[in-house]
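Topology and contacts: notes
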Amino acid sequence: MAPFGKWGEGNCVRAENGYTLSMNRKRAPVSVRSGQIEFLKVNTEGIDWRDAYQWLLGLSWPQFAAFVAVVYITLNLIFALLYLSGQHNIAGMAPGSFSDAFFFSVQTLATVGYGHMYPQTLYGHVVTTIEIMSGVFLLAVMTGLIFVRFSRPTARIVFSKSIVIAPLNGKPTLMVRVGNQQHSMVEAEFRITFNRDEPLVEGGDFRFFYHLKLQFDRLPSFPAALTLRHVIDEHSPLYGATPESLERSRVVLIASVVGIDPVIPAAVQTQQDYTWSDIRFGERFVEIYTDHGDGRLTVDYGRLHDTEPVER
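Residues numbered from 1 in each chain as written. Predicted model: local features only at pLDDT ≥ 70, side-chain atom pairs only at ≥ 80, totals over all residues. Heavy atoms only, no water.

**Brief notes about the overall build of the protein chain**
Keep this limit in mind: Strands are runs of DSSP state E lasting at least 2 residues, helices are runs of H or I lasting at least 4, and numbering of each runs from the N terminus. Exposure categories follow from relative accessible area, calculated using a 1.4 Å probe and restricted to protein chains: below 20% of the type maximum is buried, above 50% is exposed, and the middle band is partly exposed. Exposure was quantified through the Shrake-Rupley algorithm and a 1.4 Å probe, taking into account, for residues, occlusion by the shown protein chains and nothing else.
Secondary structure summary: the protein chain contains six helices and 18 strands in total. For the protein chain, the residues scored as buried account for 34% of the 312 residues in total. Summed over its atoms, the accessible surface of the protein chain is roughly 19400 Å², and 59% of this surface lies on carbon and sulfur atoms.

In structure tokens form, the structure reads like this:
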């Protein structure tokens, strides 16, 4: 069964029908990961060239640096071979010297031009003109990408590694702890989405999604850490849930935070997903705040994930 039950199977049926009508347009599956779940999209339309921009922005800094290095070296290797394809195209370059051709390409791509080597034939001038134009384009694109990567805001939010369910004020309550590692966040909104497989009257299972009602879902300021709380009453989809029932219905919960970075200002968003195995019954989060009595509070982020059994 698909990770999202009949909801996923229904889409697969439509995809299969589309495949039988246009078999010759079958494309390789596209992998998309959402938290702990990976979706393989089949029979999708052609790749949009703008997807490359999203892909580049999604790379980590080491991956992005490696990508730039590969593109830069490959481009210089190609032009070095072009310079070597003719005779006496570049003055000052030793005949057949690949290293001279490569480093002349590096100088040309960067529009440095030390003067020791220079094009002396029409072919050499044409190739250097093409390379200079390529270098200007490459520099503009990479500068733009680096600027966007540096300037875009990110939500440095840390979620607890587990979800706990325990009595709070005499009522069973689901709790998720969230910590803000930035200086501050304003107009913060919090959500927890709950989804599971449920049996249908017609037979089989179907994936249902619920927004859990929180005791608070919006704050004008979110400076440190807090615990999101959902009271499990008779109106809650978690009413009467047990570890065994959560496993059978393959429960997934998604906690999300949306807010505004007051420094830029710009909207930021992040989320964390949990499966049934991340839910701990009969436990609560340990206290992480220490009140010094003079208007100062110490928040221990090192204990943000720690839990303790609830005394019965």
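From this point on, the discussion continues.
**What about the environment of Val68?**
Locating Val68 in the fold gives a position in helix H3 (residues 61–84). Sequence separation of Val68 and Leu138 is 70 residues, and the distance between their C-alpha atoms is 9.7 Å.

**Digging into the pairing of strand S12 (residues 252–261)**
Note the cut-off: In this analysis, strands are considered paired if DSSP registers two or more bridges between them.
Most of S12 sits out of view: seven of its 10 residues are buried. Sheet analysis places strand S8 (residues 186–199) next to S12, joined by eight bridges and oriented antiparallel. Bridge pairing links Glu189 to Val258 in S12. Hairpin remark: S12 followed by strand S13 (residues 266–275), antiparallel, with four residues in the connecting loop.

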